[in-house]
Structure formats: structure tokens, C-alpha cells
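# Structural characterization, general
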Amino acid sequence: QVQLVESGGGLVQAGGSLRLSCVVSGTIFTAYTWGWYRQASGKQRELVATIASGINSANYLNSVKGRFTISRDNAHNTVYLQMNSLKPEDTAVYYCNKAGINPPYDYWGQGAQVTVSS
């Protein structure tokens, strides 16, 4: 049974940084592209960044390009999201899940709350 455990969220001022982690278990981590998603209050969930297996190719939502960096540690089944120059509009609950050609699991972890104050 897959488990997705996000951590690293918090409250920061605009311009600050946070690093999110997601530990994945119960699946073949190296087989998939993984992504970070976010859902702001009253809005739909959106895909923020993805990182493929193998070549570790990354893609980003336009609004976070140059500020966020996704990475993965296959030895520890972990996906990271380094977030710099945070803006109030980045405030959301952040989740990790499969991405790319494989649809995300129906199961979602508890997420990591990121709150950016102006």
C-alpha cells in the first residue's frame, strides 16, 4: 500500500525559503516520474513541478520557474522541493504524487502547509 509523507512546510515571510520533503513507500519509486502539487484554499489542485526517473529531467509551472527546484533521492525514495523567493501567492498545501504519463494515485498524503506572509 502506497504511502506519501510530506514534511517541511511552515510560515515564512515573502522572500524566504522552505524545503519540502516527501518520503514514498509501498511502490517502486524509481519507476515513476514524481511531482509536487499544491492546492490553495478555494482553488483546484495544480501541478507545480515534476522530475522524471533516470535522466532526472525537471519541469515547472511558469509561475515558479527560477524560484523552485525539484530533486529526488532514489536511494531514500524521497522527493524534495526547494522553494526560494517565496511569494504570498505560493501559499497552499503542497502534496507529492506520481506525475507524467502515469496518473497520480487516488491516495494523497496529508500534505505540507506553506504560508507566505507579505
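Read on for an overview of the structure. (Residues numbered from 1 in each chain as written. Predicted model: local features only at pLDDT ≥ 70, side-chain atom pairs only at ≥ 80, totals over all residues. Heavy atoms only, no water.)

## A closer look at the overall build of the protein
As a reminder, the rule being used: Only runs of H or I of at least four residues qualify as helices and only runs of E of at least two qualify as strands under DSSP, and these elements are numbered from the N terminus. Using C-alpha atoms as the atom set, the radius of gyration is obtained and then compared with a globule rule of 2.2 Å times the number of residues to the power 0.38. For this analysis, residues touch if any pair of their heavy atoms sits within 4.5 Å. We get accessible surface area from the Shrake-Rupley algorithm with a probe of 1.4 Å; when it comes to residues, only the shown protein chains can shield them. A positive count includes Lys and Arg, and a negative count includes Asp and Glu. His and the chain ends are not counted in either. Every charge is mapped to an atom, namely NZ of Lys, CZ of Arg, CG of Asp or CD of Glu.
Counting its secondary structure elements, the protein contains zero helices and ten strands. Relative to a compact globule of 118 residues, whose C-alpha radius of gyration would be 13 Å, the protein shows 13 Å and is just as compact. Its C-alpha atoms give the protein principal-axis dimensions of roughly 40 × 25 × 25 Å. In the protein, the share of contacts with a sequence separation of at least 24, taken over all contacts with a separation of at least 6, comes to 54%. Carbon and sulfur atoms form 49% of the exposed surface of the protein, whose accessible area is close to 6100 Å². Mean positive and mean negative side-chain charge positions of the protein (9 and 6 charges, respectively) differ by 4 Å.

## Let's talk about the sheet that holds strand β8 (residues 78–83)
Working definition: the strands of a sheet are paired by backbone hydrogen bonds and lie parallel or antiparallel to each other. Inclusion rule: Being paired, for any two strands, means DSSP has found at least two bridges between them. Lines fitted to C-alpha atoms define the axes here, with helix axes fitted over just the stretch in contact, and angles between the N-to-C directions of these axes take values from 0 to 180 degrees.
The four strands are arranged β1-β3-β8-β7 in an open sheet whose pairing can be described as antiparallel. Each end of this open sheet is capped by a strand with a single partner; those strands are β1 (3–7) and β7 (68–73). When the angles between neighbouring strand axes are averaged without regard to direction, this sheet yields 15°. With six bridges joining them, β7 and β8 adopt antiparallel strand pairing. Along β8, the bridge assignment pairs Ser71 with Tyr80.

## Thoughts on the state of the cysteines
Going by this rule: Whenever a pair of cysteine sulfur atoms sits within 2.5 Å, that pair is classed as a disulfide. Burial status follows relative accessibility: with a 1.4 Å probe on protein chains alone, a residue under 20% of its type maximum counts as buried, one over 50% as exposed, and anything between as partly exposed.
One pass over the full model with this rule turns up one disulfide. Paired by a disulfide, Cys22 and Cys96 hold their sulfur atoms 1.7 Å apart. Linking Cys22 in strand β3 (residues 18–25) with Cys96 in strand β9 (residues 92–99), this pair joins segments that are 74 residues apart in sequence. In this structure, Cys22 and Cys96 share a single accessibility class: buried.

## Overview of the packing of aromatic side chains
Put simply, the rule reads: Paired rings are identified among Phe, Tyr and Trp, the last through its six-membered ring, by centres lying within 6.5 Å, and are further divided according to the angle between planes into stacked (under 30 degrees), edge-to-face (over 60) and tilted (the rest). The rule for a charge over a ring is simple: NZ of Lys or CZ of Arg within 6 Å of the ring centre, and within 35 degrees of the ring normal.
Applying the stated rule across the entire model yields five aromatic pairs. Ring geometry for Phe29 versus Trp34: centroids 5.5 Å apart, planes at 15°, classification stacked. When sorted by exposure, Phe29 lands in the same class as Trp34, which is buried. Ring pairing ties together the aromatic residues Phe29, Tyr32, Trp34 and Tyr105, which thus form one cluster. The ring of Tyr105 is capped by Lys98, whose NZ or CZ atom sits 4.1 Å from the centre of that ring.

## So, unusual backbone geometry
Only a minority of non-glycine residues have a phi that is not negative, and only a minority of peptide bonds are not trans. Residue Asn77 is not a glycine yet carries a positive backbone phi of 50°. Relative to the assigned elements, Asn77 resides in the loop between β7 and β8. A positive phi angle, near 50°, is found at Ser85, a position not held by glycine. Here Ser85 is to be found in the loop between β8 and β9.

## As for the pattern of salt bridges
How we decide: We define a salt bridge as a contact between a side-chain nitrogen of Lys or Arg and a carboxyl oxygen of Asp or Glu at a distance within 4 Å.
Under the counting rule described, the total for this entry stands at three salt bridges. Between Arg38 and Glu46 there is a salt bridge, and its shortest N-O distance comes to 2.8 Å. For Arg38, the salt bridge is made with Asp90, and the minimal N-O distance between the two is 3.0 Å. One end of the pair, Arg38, is in strand β4 (residues 33–39); the other, Asp90, is in the loop between β8 and β9, with 52 residues separating them in the sequence.

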